[in-house]
Amino acid sequence: MTSPSRYHLLLTTGGRPVQHGWWGREVVARDKFRNWVGLYGGAMPGARVTLSDEDSGDVLDAWPDHR
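> Looking at this structure, how should I read the sheet that holds strand S1 (residues 7–13)?
Note on sheets: strands pair through backbone hydrogen bonds, and any given pair is parallel or antiparallel. Pairing in this open sheet of 4 strands is antiparallel, and the strands run S2-S1-S3-S4 from one edge to the other. Pairing within the sheet leaves two strands with one partner each, and these edge strands are strand S2 (16–23) and strand S4 (58–63). Within the sheet, the average angular offset between the axes of one strand and its neighbour, ignoring direction, is 20°. By the bridge criterion, 7 bridges tie S1 to strand S3 (residues 47–53) in an arrangement that is antiparallel. Directly across from Leu10, in S3, lies its bridge partner Thr50. Sheet strands in contact with helix H1 (residues 26–40) are S1, S2, S3 and S4, and its direction is about 15° off that of S1.

> Which parts of the structure should I look at to understand the pattern of salt bridges?
Two side chains carrying opposite charge are able to pair once their charged atoms lie near each other. For the structure shown, the criterion picks out 5 salt bridges. Between Asp31 and Arg34 there is a salt bridge; the shortest N-O distance is 3.7 Å. On the criterion of helical spacing, the pair formed by Asp31 and Arg34 is a turn pair, its members being 3 residues apart in helix H1.

> Help me out: how do you make sense of the nonpolar core in this one?
Taken as a class, soluble globular proteins show a tendency for nonpolar side chains to be buried jointly. Residues Tyr7, Leu9, Leu11, Trp23, Ala29, Phe33, Trp36, Val37, Met44, Ala47, Val49 and Leu51 constitute the largest nonpolar core, which totals 12 residues. Those elements that place two or more of their residues in this core are S1, H1 and S3. When residues of this core are assigned to their parent elements, the largest contribution, 4 residues, is made by H1. Beyond its immediate sequence surroundings of up to four residues, Ala29 is in contact with Tyr7, Leu9, Trp23 and Leu51.

> Quick question: what am I supposed to make of unusual backbone geometry here?
Trp63 connects to Pro64 through a cis peptide bond whose omega is -10°. Topologically, Pro64 is positioned in the segment after S4.

Reading the values: the criteria
Residues numbered from 1 in each chain as written. Predicted model: local features only at pLDDT ≥ 70, side-chain atom pairs only at ≥ 80, totals over all residues. Heavy atoms only, no water. Pairing = 2+ DSSP bridges. Helix = DSSP H or I, 4+ residues; strand = E, 2+ residues; numbered from the N terminus. Axes fitted to C-alpha atoms, helices over the stretch in contact; angles between N-to-C directions. Contact = heavy atoms within 4.5 Å. Salt bridge = Lys/Arg side-chain N within 4 Å of Asp/Glu carboxyl O. Core = buried A, V, L, I, M, F, W, Y, C linked by side-chain atoms within 4.5 Å. Buried < 20%, exposed > 50% of the residue type's maximum accessible area, 1.4 Å probe, protein only.

Keep in mind that these numbers describe shape and distance, not what the molecule does.
Spelled out as structure tokens, the structure:
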């Protein structure tokens, strides 16, 4: 059973948290990730959105991608 707060979405700008949320289903969290990138990606200077799996500690996705 997955935790109701397993998938953490975080919006930061200038290294400071602006908004965050937690979801128990990865598919919902990934949908929210895409929505946040669309909403804040071009409108908020320095915006960064990250999706993490709190159970494993892994970052599942990040925008912008800094690879």
